[in-house]
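Observations on the model geometry
The primary structure of each chain is shown beneath.
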Amino acid sequence: MKVVNEVIRAEFISSVLLWFKEYGRKNLPWQKDPTAYRVWISEIMLQQTQVKTVIPYYEKFMKCFPNIEDLAKASNDQVMAQWSGLGYYSRARNLHKTAIELCKNRGQSEFPDTIEELQSLAGIGRSTAGAILALAMNKKASILDGNVKRVLARCFAISGWPGKADVAKKLWQVTESLTPENDVKAYTQALMDIGATICTPRNMTCEDCPLSNICIALKQDNQVLYPGKKPKKKIPVRSQYFCLLMSKNGELLMEKRPPSGIWGGLWTPISCDLEFNLGEYLENTYSIEASNQQRLEEFRHTFSHFHLQLVPVKADVTKMLSIAEDNLRWNSLDNWLKEGIPAAVRVMIEDLSANLEKD
DNA sequence: AATTCGGGGAC
DNA sequence: GTCCCAGAATT
């Protein structure tokens, strides 16, 4: 089936490649020495996260884990600590899992070089697999990330929200039929760059776009209609206590969350819904007795699907059994800030630290 | 097919 | 406040 006209395809490819030579980004950190490992790490970090946010994390991560063996050897906590603040923490867990898997099965740092093998790895889907092949190996492979979706939806007037299966299918057909035989690496980087710097969600600069001659949305002057927006719905508010349990020598007790769910694998204070009586909850669930409960200033953290109203409660532990479980740990506030903790918990600890300074 | 995973930046 | 971002896994 012919998805894209041959003449249009040829013009699309040559325009994109010509534009890239002059205007493409060529100095992003992961573009220097673009090995499969480095491209892989960057692609995972860049999932749902903007370039500007990723760069400092990427530099730090590479310093800590220069190659896949170093990553495979690291502990889960070490990896999570590097990811702390980036969000979507399952990405870090999958990264670690895949590093271990590849080192074990191959005994070397060689990456698989087929779309099927790459996609079978934890955390690597269709688009990320394509990006690794194209950017690290210059192999013919297609991607469909947020930038490319926007460029293609506008250029070919593909309406509807890409979260819908039929729209996504259409976009994949278009990106695959456009992908050139040669210069896939430059082509792929160019498409992302055009989406990131020219074909932006709003205030796009079509006068600078190499696709301005063939873009249907530009011709119709309705660029902002593409891609279709996700139907929005109201998100609920959940309120939870976060119990800042302190020891006599000023250490804070935290709990390592199970791998899946919100903040999976990260350390957080013991928390429970406001429906519970906090003292009873600590007693019944953890056999902890705490005194001097003191509510601190609450604040809100918004996720994509709910608002979390956090109610920090400082308390002193008066009695507790010796820690048997590996998922409970005492630590100084400063040391907790170096561990794998979510951004909201970082806020709480810094606030608590400032609070204690004053007394 | 729909939902679930964070956090920050732009506006 | 809203929207969006180099998506994938789970249900």
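Attention in this report is confined to the structure presented alongside it. Computed from a predicted model, the values in this text were never measured in an experiment.

The next subject is the overall build of chain A. Helix and strand counts for chain A come out as 15 helices and eight strands. Projected onto its principal axes, the C-alpha positions of chain A cover 75 × 50 × 35 Å. Looking at chain A residue by residue over its 359 residues, the buried ones come to 47%. Once local pairs closer than 6 in sequence are excluded, the contacts in chain A between residues at least 24 apart make up 66%. Of the accessible surface of chain A, which amounts to about 18,800 Å², a share of 48% is contributed by carbon and sulfur atoms. Charge separation in chain A, taken as the distance between the mean sites of 45 positive and 41 negative side-chain charges, equals 6 Å.

A separate point is the environment of Gly-130. Take Gly-130: it is sitting in helix 8 (residues 126-137). Once the C-alpha coordinates of Gly-130 and Ala-190 are considered, the two residues, 60 residues apart in sequence, prove to be 15 Å apart. The contacts of Gly-130, once residues within four sequence positions are left out, are Ile-115, Ala-141, Ser-142 and Ile-143.

The local shell around DNA strand C holds 28 residues, among which Gly-123, Thr-128, Gly-146, Asn-147 and Arg-150 are the closest. The sugar-phosphate backbone supplies 66% of the atoms of DNA strand C found within 4 Å of the protein. Between DNA strand C and Gly-125, the relevant distance is 2.9 Å, taken from a phosphate oxygen to a main-chain nitrogen or oxygen of the residue. With respect to DNA strand C, the backbone of Gly-146 contributes an N or O atom lying 2.7 Å from a phosphate oxygen. Sorting the residues of the surface near DNA strand C by element identifies helix 8, helix 9 (146-155) and helix 11 (184-197) as the ones contributing at least two each. Of the residues belonging to the surface near DNA strand C, the class tally is 10 nonpolar, 11 polar and seven charged.

Thresholds, definitions, all that
- Residues numbered from 1 in each chain as written.
- Chains lettered and ligands numbered in written order.
- Predicted model: local features only at pLDDT ≥ 70, side-chain atom pairs only at ≥ 80, totals over all residues.
- Heavy atoms only, no water.
- Helix = DSSP H or I, 4+ residues; strand = E, 2+ residues; numbered from the N terminus.
- Buried < 20%, exposed > 50% of the residue type's maximum accessible area, 1.4 Å probe, protein only.
- Contact = heavy atoms within 4.5 Å.
- Areas by Shrake-Rupley, 256 points an atom, 1.4 Å probe, with all protein chains shown as cover.
- Lys, Arg positive; Asp, Glu negative; His and termini not counted.
- Charge placed at Lys NZ, Arg CZ, Asp CG, Glu CD.
- Near = heavy atom within 4 Å.
- Polar contact = N/O pair within 3.5 Å; in protein donor to acceptor, adjacent residues only side chain to side chain.
- Nonpolar A, V, L, I, M, F, W, Y, C, P; charged D, E, K, R; others polar.

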